[in-house]
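# Fold and contact review
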Amino acid sequence: MQEFTADKQKCCNKNKIQKTFFIETWGCQMNEEDSEKLSGMLKKMGYEEAKNKYHADLIILNTCCVRENAELKVYGHLGALKNLKKRNPELIIALCGCMMQQKHMAENIMKKFPFVDMIFGTYNAYKFPQYLNEVCQNRSSVVEIQNSESGIVEGVPVDRESTIKAFVTIMYGCNNFCTYCIVPYVRGRERSRSPLNIENEIKNLVSKGCREVTLLGQNVNSYGKDLDPEVKFSELLERINNIEGLERIRFMTSHPKDLTDDVIDAVAKCDKVCEQIHLPVQSGSTNILKKMNRNYSREQYLSLIYKIKEKIPGAAITTDIMVGFPGESEKDFEDTLNLVREVGYDSAFTFIYSRRRGTPADKFEEQIPEDIKHERFNRLVKIVNESSARKNRAYEGRTEEILVEGLSKNDSTRLMGRTRTGKLVNFQGDVNSIGELIKVKISKAHSFSLLGKQIQ
Ligand code: 5AD
Ligand code: SF4
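Residues numbered from 1 in each chain as written. Chains lettered and ligands numbered in written order. Predicted model: local features only at pLDDT ≥ 70, side-chain atom pairs only at ≥ 80, totals over all residues. Heavy atoms only, no water.

### Here we look at the domain arrangement of the protein
Taken as a whole, the protein is organised into domain 1 (2–144), domain 2 (160–274) and domain 3 (399–454). Taking only C-alpha atoms, the centre of domain 1 and the centre of domain 2 are 28 Å apart. Listed as interface residues are 14 residues of domain 1 and, on the opposing side, 18 residues of domain 2. Counting the surface lost from both domain 1 and domain 2, the interface buries some 1400 Å², and carbon and sulfur atoms represent 56% of this. Of all residues in domain 1, Gln-29, Met-30 and Glu-36 bury the most surface against domain 2, accounting for 42% of the area lost on that side. Summed over the shared surface of domain 1 and domain 2, the number is seven residue pairs in polar contact (both at pLDDT 80 or more). (Domains from an automatic or database assignment. Contact = heavy atoms within 4.5 Å. Buried area = accessible area lost by both parts, 1.4 Å probe. Polar contact = N/O pair within 3.5 Å; in protein donor to acceptor, adjacent residues only side chain to side chain.)

Next comes the structure, spelled out in structure tokens:
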């Protein structure tokens, strides 16, 4: 483990009163958290967040490469930034994240977009203040991609979006090598943070008003297998459950092959651990799951779901599902639709399979034509939405515990918060209850949110 040191953080900005930055983030919660760290480092260096990219002295694109779409968006943004840079040659443009961690990507970007000032990858993001100083002082570009993961770097300042709830990374990387997935190649092998560091971070957050944490990792169920002595994820949950002042604990993502009984029991037993499990299924066909290297069958997944439903009554179950994986027949796809109907998901992230260079599935024969993928995707989304609507309707008339997060996004006369099961609720209530746990009577269910009124 390394400790982040502040000695390289001195601000390179000597002439201007206040420099500003703007970060654009694509991808998963991990990337969001990395951006919060970049923002934390920048604020320590004396930078301030700009309202938008047009007012910024520094623009960072934190990229994702899980699907081709995410990469295309980055290219689109870079094209637009070229004009901004022409108008303001002092502007610094930085690129980082998973897309940059891919082989030859940095070289390609510098060839096509030579105005980019800085490129770094996922393993060396903690060195960002040093790179920024180099760019400012020498006015030359810095490109540094580290090819293997460093140990965990603790103590990087984090500028979190909310003071009420926070994402806390408990482990980095993934060892699973699902055949479609680029993540293990750009985020490296599994590395767990020590339970003490995690606890201390959460205690510190709680002392500043945080009431809810979401523990993050690509596969949280294999947390602690690399620690000496080993620490089970269920033990970590129990330890965090004892932190005074913390009200709610969530976690993601669970891999079905590693979600053991002790974790389900810990969720059932620990009062602060919320009744919500995100359990990516990817496909409802055992044949496809095998080709994906997921290491569970349809039947094993379903029996896990029944166990969760029995031991954690009322739990919300969410998932990730992919359509159009190589070799997926109409029958395989219908198996997925039937599984969605059988489980009755509260919600699901749905994806069209995207070929990723360097992954085994990219070389599989029987790639599915785009029109079939899209047609299946639309059918899947319809069934998922029906399932979400049904689940939400069951909340009508109920009284739910809500952690109040702030004003509603679309209607500032209302407040918003979430149920323990993670449902978004917009409601009439007292603004003084922001940051508090309150009771809300649910009056109406929409497809993606609930409506209600504070009763206590
Ligand atoms: N194509 C489409 N979806 C993908 N995912 C991961 N890799 C790909 C890919 N190549 C999805 C999986 C995963 C989620 C984070 O992204 O469903 O669970
Ligand atoms: Fe990718 Fe599979 Fe690891 Fe998830 S578990 S990050 S899908 S390789």
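### Let's talk about the sheet that holds strand β12 (residues 212–216)
Strand order in the open sheet formed by three strands is β9-β12-β13, with parallel pairing between adjacent strands. On the outer flanks of this sheet lie β9 (165–169) and β13 (248–252), each paired with one strand and no other. Neighbour-to-neighbour, the strand axes of this sheet turn through a mean angle of 20°, independent of strand direction. Judged from the five bridges that link them, β9 and β12 form a sheet pairing that is parallel. Looking at β12, one finds that Thr-169 is bridged to Leu-216. The strands touched by helix α1 (residues 29–44) within the sheet are β9, β12 and β13, with β9 carrying the most contacts at an inclination of about 100°. (Pairing = 2+ DSSP bridges. Helix = DSSP H or I, 4+ residues; strand = E, 2+ residues; numbered from the N terminus. Axes fitted to C-alpha atoms, helices over the stretch in contact; angles between N-to-C directions.)

### Regarding the side chain of Lys-85
Mapped onto the secondary structure, Lys-85 falls in helix α2 (residues 68–87). If we ignore the near neighbours within four places in the chain, the residues touching Lys-85 are Leu-91, Ile-92, Ile-93, Phe-115, Asp-117 and Arg-139.

### Focus on the pairing of β13
Look at any regular strand and the pattern is simple: side chains alternate between the two faces of the sheet. A large share of β13 lies buried, amounting to five of its five residues. The alternating pattern of β13 places Arg-248, Arg-250 and Met-252 and Ile-249 and Phe-251 on opposite faces, both of which are buried. For β12 and β13, the ladder comprises five bridges, and the chain directions are parallel. If you follow Leu-216 over to β13, its bridge partner there is Met-252. For the crossover that starts at β12, traverses helix α7 (residues 233–241) and ends in the parallel β13, the hand is right-handed. (Buried < 20%, exposed > 50% of the residue type's maximum accessible area, 1.4 Å probe, protein only. Right-handed = clockwise from strand over helix to strand, strands pointing away.)

### Things to note about the pattern of salt bridges
Summed over all chains, the structure comprises 34 salt bridges. Here Arg-376 ties to Glu-328 by a salt bridge, and the two come within 3.0 Å at their closest N and O atoms. Placement of Arg-376 in helix α12 (residues 370–393) and of Glu-328 in the loop between β15 (316–323) and α11 (330–343) is noted, with a sequence separation of 48 residues between them. Here Glu-328 falls in the buried class, since its relative accessible area comes to 3%. One salt bridge in this structure joins Asp-362 and Arg-355, with 2.9 Å as the shortest N-O distance. A relative accessible area of 17% means that Asp-362 is categorised as buried. Because the salt bridges share partners, they merge into one network encompassing Glu-33, Lys-37, Glu-154, Arg-160, Arg-193 and Glu-201. (Salt bridge = Lys/Arg side-chain N within 4 Å of Asp/Glu carboxyl O.)

### Focus: unusual backbone geometry
In this model, Asp-228 is joined to Pro-229 through a cis peptide bond whose omega is 0°. Locating Pro-229 in the fold gives a position in the loop between β12 and α7. Cis geometry is found at the peptide bond from Met-252 to Thr-253, where omega equals 10°. With respect to the helices and strands, Thr-253 occurs in the loop between β13 and α8 (261–269). A positive phi angle, close to 60°, is found at Asn-293, a residue other than glycine. Here Asn-293 shows up in the loop between α9 (286–291) and α10 (298–311). Within the chain, Glu-366 stands out as a residue other than glycine whose phi angle is a positive 60°. Inspection of the secondary structure assignment puts Glu-366 in the loop between β16 (347–352) and α12.

### Let's talk about the sheet that holds β15
One open sheet holds the three strands; their spatial order is β14-β15-β16, and the pairing between them is parallel. Across the chains shown, the open sheet's two edge strands, defined by having one partner strand only, are β14 (276–278) and β16. Strand-to-strand, the axes of this sheet are offset by a mean angle of 10°, without reference to chain direction.

### Examining the side chain of Glu-36
Here Glu-36 shows up in helix α1. The side chain of Glu-36 sits in the buried core without any salt bridge; Arg-160 is the nearest counter-charge, 4.3 Å away. Non-local contacts of Glu-36, meaning those with residues more than four positions away in its chain, are made with Pro-157, Val-158, Asp-159, Arg-160 and Glu-161. (Lys, Arg positive; Asp, Glu negative; His and termini not counted.)

### Notes on the site of ligand 1
What surrounds ligand 1 is the set Val-66, Arg-67, Tyr-180, Gln-282, Asp-320, Met-322, Phe-351, Ile-352, Tyr-353, Ser-354 and Arg-356. The backbone of Tyr-180 places a nitrogen or oxygen atom 3.0 Å from a nitrogen atom of ligand 1. Within the side chain of Gln-282, a nitrogen or oxygen atom sits 2.7 Å from an oxygen atom of ligand 1. Isolated, ligand 1 exposes 400 Å² of accessible area, and the fraction of that covered by the protein chains is 85%. (Near = heavy atom within 4 Å. Areas by Shrake-Rupley, 256 points an atom, 1.4 Å probe, with all protein chains shown as cover.)

### Digging into the site of ligand 2
What surrounds ligand 2 is the set Cys-174, Asn-176, Phe-177, Cys-178, Tyr-180, Cys-181, Val-183, Pro-184, Gln-218, His-255 and Arg-294. For the shell around ligand 2, the class distribution of residues is seven nonpolar, three polar and one charged. (Nonpolar A, V, L, I, M, F, W, Y, C, P; charged D, E, K, R; others polar.)

### Let's talk about empty space enclosed by the protein
For the structure shown, the criterion picks out two cavities of 30 Å³ or more. Its residues assigned to classes, the lining of the largest cavity shows nine nonpolar, three polar and five charged. Approximately 40 Å³ is the volume found for the second largest cavity. If you trace the second largest cavity, you find it lined by Asp-34, Leu-38, Asn-62, Cys-96, Gly-97, Phe-120, Gly-121, Thr-122 and Ala-125. (1 Å grid on protein atoms, 1.4 Å probe; cavity = no way out; pocket = protein on both sides within 12 Å on 5 of 7 lines; lining within 4 Å. Points joined across faces, edges and corners; volume = space filled by probe spheres on them.)

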